Structures are given as C-alpha cells and as structure tokens.
Number of protein chains: 2
Amino acid sequence: MDSIGVFDSGVGGLTVVAALRRRLPAESILYLGDTARLPYGSKSPETVTRYTRRNIEFLVERGVKAVVVACNTASALALDNLQLAGGMPLWGVIEPGARRAAEVSRGRVGVIATEATVRSDAYPRALRRLRPDLSVVSRACPLFVPLVEEGWHEDDEVTTRIAERYLAPLLAAEIDTLVLGCTHYPLLKAVLARVAGPAVTLVDSAEAVAEVVAEGLAAAGLAKPEGPGPVHATQHLCVTDGGESFKLVAGRILGDPDLPLEWVEVV
Amino acid sequence: MDSIGVFDSGVGGLTVVAALRRRLPAESILYLGDTARLPYGSKSPETVTRYTRRNIEFLVERGVKAVVVACNTASALALDNLQLAGGMPLWGVIEPGARRAAEVSRGRVGVIATEATVRSDAYPRALRRLRPDLSVVSRACPLFVPLVEEGWHEDDEVTTRIAERYLAPLLAAEIDTLVLGCTHYPLLKAVLARVAGPAVTLVDSAEAVAEVVAEGLAAAGLAKPEGPGPVHATQHLCVTDGGESFKLVAGRILGDPDLPLEWVEVV
C-alpha cells in the first residue's frame, strides 16, 4: 500500500533499487522488470511510451505511493507525456543524473546511453538547461547491455576493447565527466573507469535519483519515519518474463541469491 | 490473398525471404518482423509461444496461403504446440537446417544459436532423429544479434574476437559442420567461415527452408505456376516497431534501399 514503485525494462533498474535501499532503508519497494519486452533502447518513442504507460498503470493498480522510472530510455522518451492521477510523484533518471554531472563537471561532459536515449537528446538538453556553458558529447553503446547480460563485465578483454572503441570519440573530445546514461552501465563501472582514466569522473544516475526521491518524498509528506526501532521494509520483484539470468544478475546487484520473483502479465 | 506469410522477431528472417525469392520468384511474400518485442532468444518458452501464436494469427487474418516461421527460437520453442486451421501448411527453420546438416556432415556437428534455442535442445534432437551416429555440440552466442544490429559484421576485429571465443569449444570438439541456428547469423558468414576454417562446412537454414517450402507448396497444389510470362510477385513488409535500423539492414539483405514498411500493432 505504501511502497515506492520502480520499473525498468529489465534487471538494470535494480541498481536504482540498491541505491534507494541504502538512502531510504525504511521504505518498501515494488519493482517491475518488463523482461518480456526488453530491450527498450533500440525501440521507437511511440512503442517505449506505450510500454511505459502500461508499466506505470500496473504499479499504480498495485497501490504504490510514488513511481520511479528507473530506465533511462523510458525517462528520456516517455516522461514528458505522462502525468499521474492525483498528482502522485513521478521521477525519471535523466534529470537527477544531469544535475549531478552539472555539479561536478569542469566543462566537458560525455554521455553514454542506448540508441534511443542518445537520439532523444534528453541528456544534452537537461545539461545545457542547468549549465549553458557545458559542451556535451554523446555516444550510443548498444552492445553494453548484452555484454552485461552475457556476464562479460568484469575485467574482460572483449568488453574492454568494445569500451575503448565506444569511448574513443569522447576521450578525444577531452571529457572530464562521463554520465552512465543507462541503468545497466553501473555494472561495467570497473571497465569504464579503467578505459576512461583517472581524469574522468563517472556519474551514476542510480545514486543521484535516490537522493532526489528522498527529498521529494519528504517534501510531499510521504516519507516513512526512520525511527530507532526495527525496520520492516520489503522488496517485492515482479517480471513479465521469468528468465533465470534475471534472477542471477538481480541476486548479484541486491546481494541476495534467493530473491523470490513474481511473474506478471503486462500488455 | 495468395502470399506466403513469413515472420521473425526482427530483420534476420529476411535472409529467408531472400532465399525464397531466389527459389520461388513467382511467389508473393507477406513478412512480419515483431521488432517491438525482439529479441526472442533470451525469453521463456511461454512468452515466445504466446508471441508466435499472435504473429501467425496476424498473417492468417491477412489471408496468406502458408506460413514460414523464419525465427529459430520460435521454431524451436513454439512450433510443436501449433497447428493451423484448415491444415494450412506451416514450416519452421529447425527441421530443414538439421536435414541439410545431416546430409553434409562427416560425423561432428556444431550448432550456434540463441540461448533459448540452445536450451530447447531442438537441433540436437532433430539431428539425432535423422542420424543417430552424429555427435552434436551446441553454443549460445547472445552477442551475435546485437553485433549484427550494430553493423559490426564485416571483417571487424571485435566481432572476430567474440566469434573466436564462442566457436573455441566447438572447434576443440573438431566439428566438420556448423549450423547457423539463428536467422541473423548468415550476416556474419564471412567472419564465421574465417574463424571456423576451411575444414568446416557452414549450414544456413535460410537456403534449406526455401527448398522445403518449394517442395511443400508443390505437394499441396499451392505453388504458383512459373510461366514464361512476366512475374508479378510482391514483397510486403510489416513491423511492430518502426526503427530506422530495420530499414537499413533490410535494404542490405533484400538489395533495395527504399523498401516501404507498414507499421502494425500485434499484442
């Protein structure tokens, strides 16, 4: 009844759930991974908007008090067109990530994201609105999500090669800040940090969005009090397709190999 | 009214359309690419079966005379559960590909495919039914489809590295025949042939299925006569999500950069 609803196309949004748990340990979370229709990053704005609308309806029908769109593609393409009934709070990941980058950058920001997010121009627009002096270079990295799903994300030679190729134009443009504009990418942080080098600050929107949600819930009077007593927060995970690989990666992100998953149909 | 209906999760099935055009130049083709829900290869049998059923219904409602499931994953997971009303012919790609491999192999067959196809064990079962003496080794190659979609498929260093890694266990098992068990993989033929070496015969199910369709239509009395007069065959392409990359790759496969696409909704 009083959970925060979080959705993503797949498993990547759980990096946002992990950040929310650290920042707001008293809050319960209802997660929806739309695994039957992932990935969103290669699809059109119309299709992504339709899926986003239905996923949010699902969370609202389940009685959440606020919604976090933990998918960069859905945030970039669909959020402007959506408003929740009764003024229920709704957050995406673009704005918080852009805000963090604008705070730390010395002038040149690189953005890596899915094709659809890059094509939407959502990050450059948000960054320039916050700091018109920033120069922004973007690059779509369509292989990163399947590399994470393949499990080739820790210190892997092929992944390093692909990261070098994707980051080359951004490093040539001498970026000082790199926005990880897809919720899967924090799982590649070690490789990306090594390839980008020590002069580049990595910005992970998961941490940034957790901060914004904490402020927003407090401002709306919806935050759960964090008393000194025991915490009864729960995490409930729903998926539209019950793959084993989701369970595996989810267990790694949330530090619990025995996460129960509920299969749900969202069309 | 008298087209052959062909569907795939995306663009890969057009390799089957190209093979059908070469083998049956008088036949018209109605193609459906379920791009809004691709890829199928990482999804569960239940989800793939549901999508397959609806895609076939769409083609039948449009009045096709026969259906080709040009997606290996859908053929492997869903075909056994489906039968068309009125005994309309229905073909998948597994059986024809397995038949061709069983004809050419000297004893050791390798199969590369999506995760779902490999997990279904459909190729090894079909191969052993045809030739119980065959030894079969399979390997899921989840990065091949996104590599093709990225356009990194001709003489690319990263693609070659990934192919080497995927094929290593098959080459160690001394395969003499390699089944390209996903309709996207023919687009990687040059890289795969180089990595596999001259001792390995590549089997492309697209060619094999075109042969089976030609025989089947003739046997059912449904084939169009190939007269000496002009040919009026048409190709009509439908997609559930209108991406630009589909158009690009489709143009390359069918040799026509200006293919008109019809957007359709299939849920």
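You'll find the structure just up there.
Per chain, the residues get numbers from 1 upward, laid out in the order the sequence is written. Each chain gets a letter, beginning with A, and each ligand a number, beginning with 1, in the order they are written. Under the rules for a predicted model, residues below a pLDDT of 70 receive no local features and side-chain atom pairs below 80 are neither given nor counted, while totals for whole chains, interfaces and linings still include all residues. As a rule here, side-chain values come from all non-hydrogen atoms in the structure, and water together with hydrogens is ignored.

On to the sheet that holds strand β3 (residues 66-69) of chain A. Residues and elements named next belong to chain A. Paired strands, as defined in this entry, are two strands with at least two bridges between them according to DSSP. Helix numbers and strand numbers start at the N terminus; a helix is a DSSP run of H or I with at least 4 residues, a strand a run of E with at least 2. Here we have six strands laid out as an open sheet, ordered β4-β3-β1-β2-β9-β10, and parallel in their pairing. Edge strands, defined here as strands with exactly one partner in the open sheet, are β4 (90-91) and β10 (261-263). Where strand β2 (residues 29-33) and strand β9 (residues 235-239) come together, five bridges link them in parallel fashion. Opposite Tyr31, over in β9, you have Leu237 as the bridge partner. Two residues qualify as a contact provided that any one of their heavy atoms is within 4.5 Å of a heavy atom in the partner residue. Interaxial angle, 0 to 180 degrees, is taken between N-to-C directions of lines fitted to C-alpha atoms, where a helix line uses only the stretch in contact. Those strands touched by helix α2 (residues 45-61) are β1 (4-8), β2, β3, β4 and β9, and its axis lies near 155 degrees from that of β1.

All names here are of chain A. Structurally, Asp2 is set in the segment before β1. Summary of the burial criterion: residues with accessible area below 20% of their type's maximum are buried, those above 50% are exposed, and those between are partly exposed, where the area comes from a 1.4 Å probe applied to protein chains only. Among the residues examined, Asp2 registers a relative accessible area of 33% and is labelled partly exposed. Sequence spacing of Asp2 and Gly251 is 249 residues, and the spatial spacing of their C-alpha atoms is 24 Å. Discounting chain neighbours no more than four positions away, the residues touching Asp2 are Glu27, Gly63, Lys65 and Lys224.

Most often, soluble globular proteins have nonpolar side chains that are buried together. We call a set of buried Ala, Val, Leu, Ile, Met, Phe, Trp, Tyr and Cys residues a nonpolar core when their side-chain atoms join them within 4.5 Å. Counting residues in hydrophobic clusters, the biggest one holds 50 residues, and the most contacted among them are Ile112(A), Phe144(A), Ile162(A), Ile112(B), Phe144(B) and Ile162(B). The set of elements that each furnish at least two residues to this core consists of α7 (144-150), α8 (157-172), β7 (177-180) and α9 (189-196) of chain A together with α7 (144-150), α8 (157-172), β7 (177-180) and α9 (189-196) of chain B. If we skip the residues at most four places from it in the chain, Ile112(A) touches Arg139(A), Cys141(A), Phe144(A), Leu167(A), Leu170(A), Leu178(A), Val179(A), Leu180(A), Gly181(A), Cys182(A), Tyr185(A) and Leu192(A). In this structure, Leu30(A), Leu59(A), Val69(A) and Val203(A) belong to the second largest nonpolar core, which totals 40 residues.

Residues and elements named next belong to chain B. Judged by pairing direction, the sheet is parallel, and its six strands sit side by side in the order β4-β3-β1-β2-β9-β10 without closing on themselves. Since the sheet does not close on itself, it has two edges, and those belong to β4 (90-91) and β10 (261-263), each with one partner. Running over the sheet, helix α2 (residues 45-61) touches β1 (4-8), β2 (29-33), β3 (66-69), β4 and β9 (235-239) and is turned about 155 degrees from β1.

Moving on to the relation of the copies chain A and chain B. A least-squares fit on C-alpha atoms brings the copies together, and the residues used are those whose pLDDT is at least 70 in both copies. Least-squares fitting of chain A to chain B yields an RMSD of 0.0 Å, with the transformation described by 0.0 Å of translation along the axis and a rotation of 180 degrees. Expressed as an axis order, the relation between the two copies is that of a two-fold axis. The C-alpha atom lying nearest the rotation axis in chain A is that of Arg37(A); the distance is 2.4 Å.

Two aromatic rings from Phe, Tyr or Trp, using only the six-membered ring of Trp, form a pair when their centres are within 6.5 Å; if the ring planes differ by under 30 degrees the pair is stacked, by over 60 it is edge-to-face, and anything between is tilted. In the structure shown here, the tally under the stated rule is eight aromatic pairs over all chains. On the basis of an interplanar angle of 85 degrees and a centroid distance of 5.3 Å, the ring pair of Phe144(B) and Tyr185(B) is categorised as edge-to-face. Remark: Tyr185(B) occurs in the loop between β7 and α9 and Phe144(B) occurs in helix α7; sequence separation between them is 41 residues. Tyr185(B) sits in the buried class, given a relative accessible area of 0%. What links up through ring pairs into an aromatic cluster is the set Phe144(A), Tyr166(A), Tyr185(A) and Trp152(B). Arg165(A) extends its terminal NZ or CZ atom over the ring of Trp152(B), reaching a point 4.4 Å from the ring centre. The criterion is that NZ of a Lys, or CZ of an Arg, lies within 6 Å of the ring centre and within 35 degrees of the ring normal, and then a charge sits over that ring.

What follows concerns the interface of chain A and chain B. How big an interface is tends to be stated in terms of accessible area lost as the parts join. On the chain B side, the residues contacting the 28 residues of chain A number 29 residues. Buried area, as used here, totals the accessible surface that two parts lose on assembly, with accessibility defined by a 1.4 Å probe and the loss added over both. Across the interface of chain A and chain B, roughly 2,500 Å² is buried in total on both sides, 51% from carbon and sulfur atoms. In what follows, salt bridge is the name for a side-chain nitrogen of Lys or Arg lying within 4 Å of a carboxyl oxygen of Asp or Glu. Where chain A touches chain B, the interface holds six salt bridges. The salt bridge involving Arg50(A) is made with Glu265(B); its shortest N-O contact spans 3.3 Å. Elements that contribute at least two residues to the side of chain A that touches chain B include exactly α2, α7 and α8 of chain A. Residues are grouped as follows: Ala, Val, Leu, Ile, Met, Phe, Trp, Tyr, Cys and Pro are nonpolar; Asp, Glu, Lys and Arg are charged; every other residue, Gly included, is polar. Residue composition of the side of chain A that touches chain B, grouped by class: 13 nonpolar, five polar and 10 charged.

Let us look at unusual backbone geometry. All names here are of chain A. Cis peptide bonds are those with omega within 30 degrees of zero, and the linkage from Leu38 to Pro39 qualifies with -5 degrees. For Asp121, which is not a glycine, the phi torsion comes out positive at approximately 65 degrees. Secondary-structure assignment places Asp121 in the loop between α5 (115-120) and α6 (122-130). According to the relative accessible area criterion, Asp121 is partly exposed, its value standing at 33%.

Relative to the elements of secondary structure, Thr177(B) occurs in strand β7. A relative accessible area of 0% places Thr177(B) in the buried class.

All right, on to the pattern of salt bridges then. All names here are of chain A. The final tally for this structure, using the stated rule, is 28 salt bridges over all chains. A salt bridge links Arg119 to Glu115, with the shortest nitrogen-to-oxygen separation between them at 3.8 Å. Here Arg119 and its partner Glu115 are both found in helix α5, four residues apart, which amounts to about one turn of the helix. The exposure class assigned to Arg119 is exposed, which follows from its relative accessible area of 57%. Note on Glu115: relative accessible area 28%, which makes it partly exposed.

The values reported here are purely geometric and, on their own, carry no functional implication.
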